[in-house]
Structure formats: structure tokens, C-alpha cells
Amino acid sequence: MTFTATSSDRLLSIMLTLGQFPILCNRIRIRMRRELFSRGIINQAGFEAEVREKAMLSQRREGLLNPVYEEPNDIWETRLTKVRDQLTDLYFSQHLTYSFFENIVNDVLKERGIDQEEQLFSINPELAPIELVFEQAMMIDKMPAEDRTRLEARLQEAKVVLIRTMISDQLRYINIAKEWLNLEDLIEIRRRKIGSGRIGGKAAGMLLAARVVKERAGAELRAAIHTPESYFIGSDLIYTFMAINNLFHWNDQKYKTETEMREEYPQVQKEFLAGDFPPDILEKLTSLLVNVGKVPLIVRSSSLLEDNFGTSFAGKYESIFCPNQGSLQDNLRALSQAIARVYGSTLNPNALLYRRAKGLQDYDERMAILIQTVVGEPLGKYYLPHGAGVAFSRNQYRWSQQIKAEDGFLRLVWGLGTRAVDRVGNDYPRLVALSHPLLRPSTSAKNIRRYSQQYVDVIDLEENCMRTLPVPDVLQTNYFPLRYLAQLDEEGYFVSLRSRLVEGDQKRLVLTFEDLLRRTYFGHHMRDMLHMLEESYQAPVDLEFAVQLTPGKNGGANLSIYLLQCRPQSHLASAEQVPLPTNLPKKDLIFSTEFVVPQGMVDGIRYVMFVPPEGYFDLNPTTGRTKLARAIGRLNAALKGKVFICVGPGRWGSSNSDLGVPIDYGDIYNSRSLVELAGQGIGPAPEPSLGTHFFQDLMESQIYPLAIYLEEDASYFNRDFFYKTQNRITTFIEVDKDILPALRLIQVDDYAPGRTLQIIMDDSEGKAVAFIAPKKKETPGSTAPLIAQNGL
């Protein structure tokens, strides 16, 4: 048995490292040649002739036409030595085993009085090739317990170097990962990695969370937790891709203006999608496809900065589903195109503006790739999981005082989890407070049906594409998990499925997930898992998951929870409780709401960016509203350093402009609060966007989300302030006349000279109030605003 490609690389790594000790290297290679000659693999005379021939060939490559006279003898001898060493390594790796090479090295070291421990300590893991660091770590790991104890610190050093080299260089991550990841985890990463570089933040978070749960969970939870089959593309490959496709001229996008970024991004995408991959990478991707078979895949971004403490990059880069149902050649083309699209998304204006806002513009943000099999099973011609969503260990937006914030919450959908993390159209996930899983934001049957999931994201196995379809078009009455996902609407109440459905029943099915929460340990497992991850991370966390159910004993179901992603949770900073104002003059009250309110305060607001609903819905749905979104982005940039909030209709950040203003995070990141208006003819009923990528952006940037349902008696909206105060927008930016009716900038000083706006949010009272703050007292050393406290 000869060297494999991997073991040949290991020989090269060891010889490169031992190059620090030329006498040792020389003795080792003499022994290697002796074995080659004695075994008849090559004779000495023939070997030396080949050495001279290849040495002279190297001279000719350097332009030495008469090498005997043009090169000094000492340089010629050095050239011969280098060629001799290279040929020795080549022949040995082709004909003899790696273990035999290890024996030679150990014999030479013993002859010189160097024992195994000295060998280990003679290598600096920080400088050594990664293969040699693995060798060192594995050697220690295999030692008897009493010997290993003495070298535990060296093993820890090797693990840290491997984590930093292959996974992440973020210190907070390393501090946690070194305590949990073991050598087998790191070996498995290496086995599944394509290309050099790190595997990035998304992959790092998934692997660490899975290891923590496997180590800490009880037997039942441990048996239920799984991760999908995963492969990694190292972060260095993006530069190889850009180099061979002449794409480096786009590398300065992050330093351009927002307008330039947005105008040039379509061309960036086009050029990246036209790029080719090196043949060796295509060969490895082909092997990957052969290994997984015709199972749908998802190609996910996993950049170096993604999913880190304070910078989640939620939704900033692309993730692409590959149905993977065509020929091998077609599937390879789709997979390589998906990787190219993810690479191109590193230059997405929203990602670049996010980095700029976070002070990360100058970081070398390389993109690694996480390729996973999609969790699910076929249902007719569609492929989807039984459930999916996003879970958070802390719940800062409680809809009832019974709910315990520390037990977390989740957004749960049937089908692909895209509907749980994106702000989609007029559709709703199931919100679950894990302290009280069956407690809903609304208990009336009418609202439960109205705010239930209406559409499902699936992979169409026949059309080889991803689709969004009405739930009744996909749901089948003989679907095993149906009774855990849906209930029958009995005109005023809901009943669980206890028998076979009859004709007409399918139209009365409503996705409530009631029996998944009531009859399985799903809610308990999610709460326990979030608790142990928060404790291990020493910070709140959020994770993406998928759920599968299989028939169990006594008519029950076996539960499998797939951990897809884990990262530190973005959350609002802890705020000191400030009492709500009372006895305010009507003129000073600007708005109030009792719809899912957090704890916090925004003080010193001088400007309000207001999108009047009437003006907004009069705009052309495509050109006009897109132009409005760009104007909002320019105004956001112009107001940098000033305290302002945004107020307007519907679900901001929605992909459907009929449901809300189609802005991105990059258009409002300087704001301090986003207040969404809803009501008849204004926008859809307010839906807590808890857990969506857009919501995560707001939390991370300390932008308080609020919603006002204008038809609720408990809500108040001061129309005089919003509609009659002078519009100051042209003071800051130029705006086309056709969108002026849809965008107003209110200067609070115009409404109440010398005063500012303040918002106080009290989650214990479930109420938020925005009001004109009293003028501050001129008290030396004090800047706190006076708040009237004796009756509203």
C-alpha cells in the first residue's frame, strides 16, 4: 500500500517543517533513499542520472544556455541537492507507506537522542503546516491517559490553532469552541472541506451548537437532535474564482457611494454568474453530488464575519436551493451557479452598507460556502420538511405578561423555513412562546384562522425548482404528520384530527401546530436546547431548525429536530425602567400603541421621517415605490448623526410593495425606531416580525420596532403633527415632485419650538407612548429630561 494523496501531503508538510533542522532532514532522506535502493524500486546510478538531468532542465528554464560555464559550482551543488531531495520525496511517497516513513523519522530522532515528547515540542503549531498540527494533535490524543495528561496544554494549543485556521479567527468564538469541539470534529471538517481557508461563521455556529447539545443534553434530547449532511468550501476559493475570471476590479465596491453600489450591482451579478471554476474544484463538486445522490441541496453563505457576536449579517448574503433532480452535468452546473451567486452577493449593496454601519468596511470579508442536504421528504411531487423555523433564547416582545422572556420563543412554519425568516406577503407563521407554548397572541377562532399560515414554500421535484403554493394545493389527507400540524375549523372552535377526513374537510383545515406542541416534546426540547446554548455561549442565541416526524409506538410520533444554524442573538440593550408619562396635554401626545411593546426609551428625537399612507399607495407599485425607497435611503444617509425615527404604512422591508414600504436595512440603519401603521386601506394587520432577518437587523442596530393598529381604541395617532407640520425634506435631499406627497420630514422644533420628541416603551404595561418632552431644566450637571407623571 503506497501513500494516498493526503498522506503524500503530510510527508511534504513534515519535511517542510523539519527543514528548520537541515542535518535531521539530510539523515532522514539518506535513510529514505537507502530503502528505495535496497528494495530495487530504483537503482542508485539511474537515480543520480535523473537528478542531473532534471537539474540541467531547471537551468535551461532559467535561461542558462551553457550551464557548465554560466553557473558557479557551489550553486550547481545546491541545485543538485534540492532536486535530489524532491525526487527522494516523490519516489518514496509513490512506493512506500506513510507509517514506514514515520518509523524512519522516529529512528533518526532516537539515534540523536530525541524522544517522542521532544519531537512534539520541537514543532511550533503556529507556524507549522496544518497537516503536521493534525499529526501532533492525533499523536497526543492516542496516548495513554497518564502520558496525555502531561501534554494536555500542547493538545489544547493544537486545537486552538486548528480552530483558528479552519473555522474562525473570532476570539469570542474560539474561547467557546476550544472547550467543546474535539479532535474528531476537526478531522471531520477537514474531510468534508473543499479548498483552503476557513469554513466561515454560519458553518462554525452550526457545528459548535451541535457539539454542545450532544455533550450536555439528556438521552431523549440527544437522540432527537441531528444536523443535515454538510460540506464546506474554504474561504480562500472566492479569490481563486475572482482571479481566474478577472473579477478583482470589483473589489473596491465597498468604498463607493450607495448610488454607485446599487447601479453597478446588476453587472457584478452578471459577471460572477458568467465565471468558471478550476477543474479540480469541479471534480470535487462532482464527487459531492455523486455522494449525496438526487437529494435537494441548499448552498448557504458562510462568510468570515457572519453569525458573530454583534454582527449576524442576517439575510445579507444569498442562500440558494438546488433541487438537484437533473442529470449529473445539469446538477453540477446548477450547483456551481449557486456558489457563484453567493460569491457575488458579497458585493450586495445592503451587505456593504451593513458593514459600513458596523465599522467593518475595511475587513477582508471572504466568503466560505456551506452546502447542506435539505431536510424533508417527498409529498407527491413536492419536497419539504414537516416543520421549520427560527428560535430565540430571549423573548423581548411578549404579547402577555404570563410569558417568561428567559424561556425564549420561536416562529414555526410548515415547509421550507424561508417563510419563517423572511418578511413575506400577507402570511403568518405560528408564534410560540416557549414558557407557554399554547398561549397565542389572539384567542378568537376568527383571528387564529386569519393569522395562520396560508402559503408553503416547497421544492418541485418534477419542475426542478422552488415554488410558493397555497397550503390546500400541497396538503394531503393521508399525510402522516397532518394531525400534528393542522386542526379542523368547526366555525368558532378548532378540533384535533382523530379520524380519517371526509370529503370537504380539507378546506376546513388550518395550520395551528397545536398537537405538535401538545402531544410531543418539541416545545420542551427547544426550550431546553436554547437554555443550554445560551449558557454555553454566555449570551442569548438564536437558531434555525427543521422538524421531521416518523411513526412511533402506540400511534405516537418520533421527533427529529435538525439544527441548521446557531448564532448570538441580536437584542435591544437593557433599558432602565422609565415610567410612562401621565396627564399630557392632547397636543403633546404624538402616538400611543399597545401592540407587542418592548422595554426601552428613545430620547431627544428631532426629526420624524413620515410616509403618508395615501401618498404611498398612489405611487406606481414598481417605479414610484422603488424610487421612494431610494429617496428614503438617501435621506437616511443625510440624517446621519441626528436622532430621527421612521413612520409609515404596512410591513416595511416586505418584498411585496402592496403590503409595505420596500426598503432594506441599508435604507434606515441610522434611525432609532421604525413605527409601522396598519388599518383599513392602510396596510395589513400588524404582525410581529419577531425572528425575521429584517427584525434581527433592527435589534442589532438598536432600532425599536413598533406597530400602531389605527382602528384599535387603545391606539392614538396625532394627524395634525404628521400631516400639518412643515415638510423639511428638501432641506436635506433633492426629491422628485412625483414622490413628494409620499415622503415627509418633520422637524419636531417646527411643531413645538425648543422641544424634542420622546418615546417610552413599557413591556410590563404593554404600552408605548410618543410625546413632546418638556423642556429640560437648566440644572448644572444634569441632562435628564423632565417627564410629567401625574395623569395622562
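Bear in mind that the values here come from a model prediction, so they are computed numbers and not experimental data. (Residues numbered from 1 in each chain as written. Predicted model: local features only at pLDDT ≥ 70, side-chain atom pairs only at ≥ 80, totals over all residues. Heavy atoms only, no water.)

### Focus on the sheet that holds strand S9 (residues 387–392)
Okay, so step 1: With mixed pairing, the 6 strands of this open sheet are ordered in space as S2-S18-S17-S9-S10-S11. Strands at the two margins of the open sheet, each flanked by one partner only, are strand S2 (225–226) and strand S11 (430–433).
Okay, so step 2: Where S2 meets strand S18 (residues 557–568), 2 bridges bridge the pair, whose relative direction is parallel. By the bridge assignment for S18, Ile-225 is matched with Ile-561.
Okay, so step 3: Running over the sheet, helix H13 (residues 200–216) touches S2 and S18 and is turned about 130° from S18.
Okay, so step 4: Sitting on the sheet, helix H25 (residues 522–537) is in contact with S2, S9, strand S10 (409–413), strand S17 (541–551) and S18, with an inclination near 150° to S17. (Pairing = 2+ DSSP bridges. Helix = DSSP H or I, 4+ residues; strand = E, 2+ residues; numbered from the N terminus. Contact = heavy atoms within 4.5 Å. Axes fitted to C-alpha atoms, helices over the stretch in contact; angles between N-to-C directions.)

### Concerning the pattern of salt bridges
If charged atoms from side chains of opposite charge come close, those side chains can pair.
Okay, so step 1: The final tally for this structure, using the stated rule, is 48 salt bridges.
Okay, so step 2: Its salt-bridge partner being Arg-440, residue Glu-514 comes within 3.8 Å of it at the nearest N-O pair. Of this pair, Glu-514 sits in helix H24 (residues 514–519) while Arg-440 sits in the loop between S11 and helix H21 (445–450), and the two are 74 residues apart along the sequence. An identical accessibility class is assigned to Glu-514 and Arg-440; each is buried.
Okay, so step 3: A salt bridge links Asp-460 to Arg-467; the shortest N-O distance between them is 3.0 Å.
Okay, so step 4: The buried category is assigned to Asp-460, whose relative accessible area is 0%.
Okay, so step 5: Assessed through its relative accessible area of 29%, Arg-467 is described here as partly exposed. (Salt bridge = Lys/Arg side-chain N within 4 Å of Asp/Glu carboxyl O. Buried < 20%, exposed > 50% of the residue type's maximum accessible area, 1.4 Å probe, protein only.)

### Side note on the packing of helix H10 (residues 152–166) against helix H12 (residues 183–191)
Okay, so step 1: Between H10 and H12, the least distance of the axes is 11 Å, while the angle of their chain directions is 30°. By the angle between their directions, the pair H10 and H12 is classed as roughly parallel. Here the hand of the crossing between H10 and H12 comes out left-handed. Contacts from Lys-159, Leu-162, Ile-163 and Met-166 in H10 reach Leu-183, Leu-186, Ile-189 and Arg-190 in H12.
Okay, so step 2: Residue composition of the contact of H10 with H12, by class: 6 nonpolar, no polar and 2 charged. (Parallel < 35°, antiparallel > 145°, perpendicular 65-115°, else oblique. Left-handed = near helix turned anticlockwise from the far one by under 90°. Nonpolar A, V, L, I, M, F, W, Y, C, P; charged D, E, K, R; others polar.)

### Considerations on the sheet that holds strand S26 (residues 744–747)
Okay, so step 1: Spatially, the 5 strands line up as an open sheet ordered S24-S23-S22-S21-S26, and their pairing is mixed. Two strands bound the open sheet, and with one partner strand each, they are strand S24 (704–709) and S26. Shown here is a sheet whose adjacent strand axes are inclined to one another by a mean of 20°, direction ignored.
Okay, so step 2: The pairing of strand S23 (residues 673–678) with S24 spans 6 bridges and is parallel. Looking at the pairing, Leu-674 lines up with Pro-705 of S24.

### Topic: the confidence of the model for the chain
It should be kept in mind that the predicted coordinates are not to be read in detail where pLDDT is low.
Okay, so step 1: Here the chain averages 86 in pLDDT, and 89% of its residues register 70 or above.
Okay, so step 2: Confidence drops under a pLDDT of 50 for residues 1–8, and excluding neighbours within four residues, the segment shows 16 contacts in the predicted structure. (pLDDT = per-residue confidence, 0-100.)

### Focus on the pairing of strand S12 (residues 455–460)
Okay, so step 1: Among the 6 residues of S12, 5 are classified as buried, and the element is accordingly described as predominantly covered.
Okay, so step 2: Relative to S12, strand S8 (residues 382–384) runs antiparallel, the two sharing 2 bridges. Along S12, the bridge assignment pairs Tyr-382 with Asp-460.
Okay, so step 3: Relative to strand S13 (residues 465–470), S12 runs antiparallel, the two sharing 6 bridges. Bridging from a neighbouring strand, Val-456 pairs with Leu-469 of S13.
Okay, so step 4: Between S12 and S13, which pair antiparallel one after the other, the connecting turn spans 4 residues, and Asn-464 there sits at a positive phi close to 60°.

### So, the side chain of Ser-657
Okay, so step 1: Residue placement: Ser-657 occurs in the loop between strand S22 (644–649) and S23.
Okay, so step 2: Only 3.0 Å separates the side chain of Ser-657 from the backbone oxygen of Pro-621, close enough to count as a polar contact.
Okay, so step 3: Setting aside anything within four residues of it in sequence, one finds Ser-657 in contact with Tyr-616, Pro-621, Arg-625 and Pro-662. (Polar contact = N/O pair within 3.5 Å; in protein donor to acceptor, adjacent residues only side chain to side chain.)

### A look at the nonpolar core
Okay, so step 1: In this structure, Ile-167, Trp-414, Phe-522, Met-526, Met-529, Leu-533 and Phe-545 are the most contacted members of the largest nonpolar core, which totals 82 residues.
Okay, so step 2: Within the second largest apolar cluster, 44 residues are counted, among which are Ile-233, Phe-241, Leu-289 and Leu-353. (Core = buried A, V, L, I, M, F, W, Y, C linked by side-chain atoms within 4.5 Å.)

### Thoughts on H12
Note on helix geometry: an α-helix contains 3.6 residues per turn, so any two residues three or four positions apart are oriented the same way.
Okay, so step 1: Along H12, the positions that sit buried rather than exposed are Leu-183, Asp-185, Leu-186 and Ile-189. Down the axis of H12, the sector holding all buried residues measures 160°, keeping them to one side.
Okay, so step 2: Those residues of H12 that are buried are in contact with helix H8 (130–141), H10, helix H11 (171–180), strand S1 (193–194), H13 and strand S3 (230–233).
Okay, so step 3: A distance of 3.1 Å separates the backbone nitrogen of Glu-184 from a side-chain oxygen at the start of H12, and that oxygen is part of Asn-182. (Arc of directions from axis to C-beta.)

### What about helix H19 (residues 349–357)?
Okay, so step 1: Counted residue by residue, H19 has 7 buried out of 9 residues, so it is predominantly covered.
Okay, so step 2: Among all positions in H19, only Pro-349, Asn-350, Ala-351, Leu-352, Leu-353, Tyr-354 and Arg-355 are buried.
Okay, so step 3: In the stretch just after H19, Gly-359 is the one whose phi turns positive, near 70°.

### Section: the packing of H8 against H12
Okay, so step 1: The interhelical angle for the contact between H8 and H12, taken along N-to-C directions, is 150°, at an axis separation of 11 Å. Classed by the angle they form, the pair H8 and H12 counts as roughly antiparallel. Both H8 and H12 take part in a crossing whose hand is left-handed. Contacts from Glu-131, Phe-134, Ala-137, Met-138 and Asp-141 of H8 reach H12 at Leu-183, Glu-184, Leu-186, Ile-187 and Arg-190.
Okay, so step 2: Counted by class, the contact of H8 with H12 contains 6 nonpolar, no polar and 4 charged residues.

### Focus: the pairing of strand S6 (residues 367–373)
Okay, so step 1: Counting buried positions along S6 gives 7 out of 7 residues, so the element sits mostly inside the fold.
Okay, so step 2: Here S6 shows two buried faces, one formed by Met-367, Ile-369, Ile-371 and Thr-373 and the other by Ala-368, Leu-370 and Gln-372.
Okay, so step 3: Pairing analysis gives 4 bridges linking S3 to S6, with the strands arranged antiparallel. For Ser-230, the partnering residue across the bridge sits in S6 and is Gln-372.
Okay, so step 4: Direction of pairing for strand S4 (residues 297–303) relative to S6: antiparallel, over a ladder of 7 bridges.

### Quick notes on the packing of aromatic side chains
Okay, so step 1: Enumeration over the complete set of coordinates arrives at 23 aromatic pairs.
Okay, so step 2: Between Phe-241 and Tyr-343 the ring centres are 5.5 Å apart and the planes differ by 55°, which places this aromatic pair in the tilted class. Here Phe-241, found in helix H15 (residues 237–244), pairs with Tyr-343, found in helix H18 (residues 328–344); they are 102 residues apart in sequence, far enough to count as distant. Neither residue differs from the other here; Phe-241 and Tyr-343 are each classed as buried.
Okay, so step 3: Ring plane angle 50° and centroid distance 6.2 Å describe the contact between Phe-610 and Phe-717, whose orientation is recorded as tilted. With Phe-610 in strand S21 (residues 607–610) and Phe-717 in strand S25 (residues 716–717), this pair connects stretches of sequence that are 107 residues apart. Each member of the pair Phe-610 and Phe-717 is classed as buried.
Okay, so step 4: Feature note: the residues Phe-610, Phe-717, Phe-721, Phe-722, Tyr-723 and Tyr-751 constitute an aromatic cluster, connected by ring pairs.
Okay, so step 5: A cation sits over an aromatic face here: Arg-39 above Phe-100, 4.7 Å from the ring centre. (Phe/Tyr/Trp six-rings, centres within 6.5 Å; stacked < 30°, edge-to-face > 60°. Lys NZ or Arg CZ within 6 Å of the ring centre and 35° of its normal.)

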